[in-house]
Amino acid sequence: MEAYKIFKSFCSLLEITEIFTDQGLKTGSLFFPGGNATYRGETVNIKKVESKVHNYSNEAEWEENVETVMKWFTEENLDFVTLYFGEPDVTGHKHGPDTQQRKDMVRQIDRMVGHIRNQVRQYGLESKLNVIITADHGMTTVQKGEGEIVLRDIPGFSLSDLQFHLVDYGPSGLLVPKEGNLEKVYQALKGAHPKLNVYKKEEVPDRLHYSNNERITPLVLYGEPGYVIHSYAKFQFNNGEHGFDNKEMEMKTIFRAVGPSFKKGLVVEPFESVNVYALMCELLGITPEPHDGDLAVTKNMLLTYNDDNSASTVQPARPTQADGKYSHNPHLNFA
């Protein structure tokens, strides 16, 4: 079981704020997932962490948080800040993505984006601050009623044949069969439900990048869009869910960026979010940690590159390295 312990991952934050801090930048995190994490002895310089029962939909608090971030840039001289909004995720899970409640929350988010742009102007940061607006997933409506995936109801399958299972958390599942039961469990589940995908670890499609880590269990499951995986009974009650195959349009998200480093009015082809990390490192002038993205995918957004991705002869000011420390970047970054 040691290899199959489940770790709550703060990689998104560690790959951004604390690694940036490690390279000499001053960073802040406001409600960003993993804000309390420490990595290689480093943590963010300034942080605000929400409570476990936090109300993410309070628009007045959102405005206060934006004000806090602006002051971090202007008074605390931070180089990079992450600001997280828990909506429209919470509302989408509770009511579903196509409901009026969700549409109203999207309008609230839209107002806040406008408020952020206004505050950037009010604080005189338009010529200094790059703003990236994105999210980590989309959402689709959960199918209820006849046809749901309940593992216990599948003929020939028994949860007693498992040493460990992690299901009932959305559309994916991880299974560790007891010794000698791998093929039995696999054959019972494979093709047993028209909306259930079942793979041995080594057979997971390459595009999902989910085969080559020791923490991945011998069997990997995921449901087709709208179908979550239940174990003993229907314990999941969300009306909206994410975590389905990322090739599906409903799982895709947005990317918007504005600031002194970005071209204006540029519309780009869709790209995978894993490439945003390299882009942010380029904006901050620091060396990325090993990652799966590629700056070539996003660098055409930047004024420092021509449309053919060749380097421009006009280079804006960037950090310089002296005696192992970086000077502060005149182009701040806000994600």
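This report concerns the structure included in the present document. Everything numeric here is computed off the predicted structure, so don't read it as measured data. (Residues numbered from 1 in each chain as written. Predicted model: local features only at pLDDT ≥ 70, side-chain atom pairs only at ≥ 80, totals over all residues. Heavy atoms only, no water.)

This brings us to the overall build of the protein chain. For the protein chain, the count of helices and strands is six helices and 16 strands. Here the protein chain holds 335 residues, and the buried ones make up 44% of them. Partitioning the intrachain contacts of the protein chain with sequence separation of at least 6 by distance along the chain shows that 64% fall at a separation of at least 24. Counting every atom, the protein chain has about 18,000 Å² of accessible surface; 49% of that belongs to carbon and sulfur. (Helix = DSSP H or I, 4+ residues; strand = E, 2+ residues; numbered from the N terminus. Buried < 20%, exposed > 50% of the residue type's maximum accessible area, 1.4 Å probe, protein only. Contact = heavy atoms within 4.5 Å. Areas by Shrake-Rupley, 256 points an atom, 1.4 Å probe, with all protein chains shown as cover.)

Okay, the side chain of Arg102 next. Secondary-structure assignment places Arg102 in helix α4 (residues 100-122). Buried within the structure, Arg102 lacks any salt-bridge partner; Asp89 is the closest side chain of opposite charge, at an N-O distance of 5.9 Å. With sequence-adjacent residues up to four places away left out, Arg102 is seen in contact with Pro88, Asp89, Thr91, Gly92, Gly96, Pro97 and Met139. (Lys, Arg positive; Asp, Glu negative; His and termini not counted. Salt bridge = Lys/Arg side-chain N within 4 Å of Asp/Glu carboxyl O.)

For the structure on display, the rule yields nine salt bridges. A salt bridge links Arg107 to Asp104, with the shortest nitrogen-to-oxygen separation between them at 3.1 Å. Of this pair, Arg107 and Asp104 both sit in helix α4, three residues apart, which is roughly one turn of that helix. Owing to a relative accessible area of 47%, Arg107 belongs among the partly exposed residues under this scheme. Here Glu148 and Lys234 are joined by a salt bridge, their closest N and O atoms 3.2 Å apart. Of this pair, Glu148 sits in the loop between β5 (140-141) and β6 (149-150) while Lys234 sits in the loop between β11 (229-230) and β12 (240-241), and the two are 86 residues apart along the sequence. The class of Lys234 is partly exposed, set by a relative accessible area of 41%. Counted as one network, the salt bridges with shared partners bring together Arg207, Asp245, Lys247 and Glu248.

The next subject is the sheet that holds strand β10 (residues 219-223). Backbone hydrogen bonds are what pair the strands of a sheet, in a parallel or an antiparallel way. Overall, antiparallel pairing links the four strands, which are arranged β7-β8-β10-β9 in an open sheet. Bordering the open sheet on either side are β7 (162-166) and β9 (196-200), each of which pairs with just one other strand. Averaged over neighbouring strand pairs, the angle between their axes works out to 20 degrees when direction is ignored. Bridge analysis of strand β8 (residues 172-177) against β10 gives four bridges, and the strand direction is antiparallel. Directly across from Gly173, in β10, lies its bridge partner Leu221. Where helix α5 (residues 182-189) meets the sheet, it contacts β7, β8, β9 and β10, and its direction lies at approximately 155 degrees from that of β9. (Pairing = 2+ DSSP bridges. Axes fitted to C-alpha atoms, helices over the stretch in contact; angles between N-to-C directions.)

This paragraph deals with the pairing of β8. Consecutive residues of a regular strand have side chains that alternate between opposite faces of the sheet. Of all the six residues making up β8, five are buried; the element is thus mostly covered by neighbouring parts of the structure. Note: β7 against β8, four bridges, orientation antiparallel. Within β8, the position partnered with Phe164 by the bridge is Val176. The antiparallel hairpin formed by β7 and β8 contains five residues in its connecting segment, where Asp168 sits at a positive phi of about 70 degrees.

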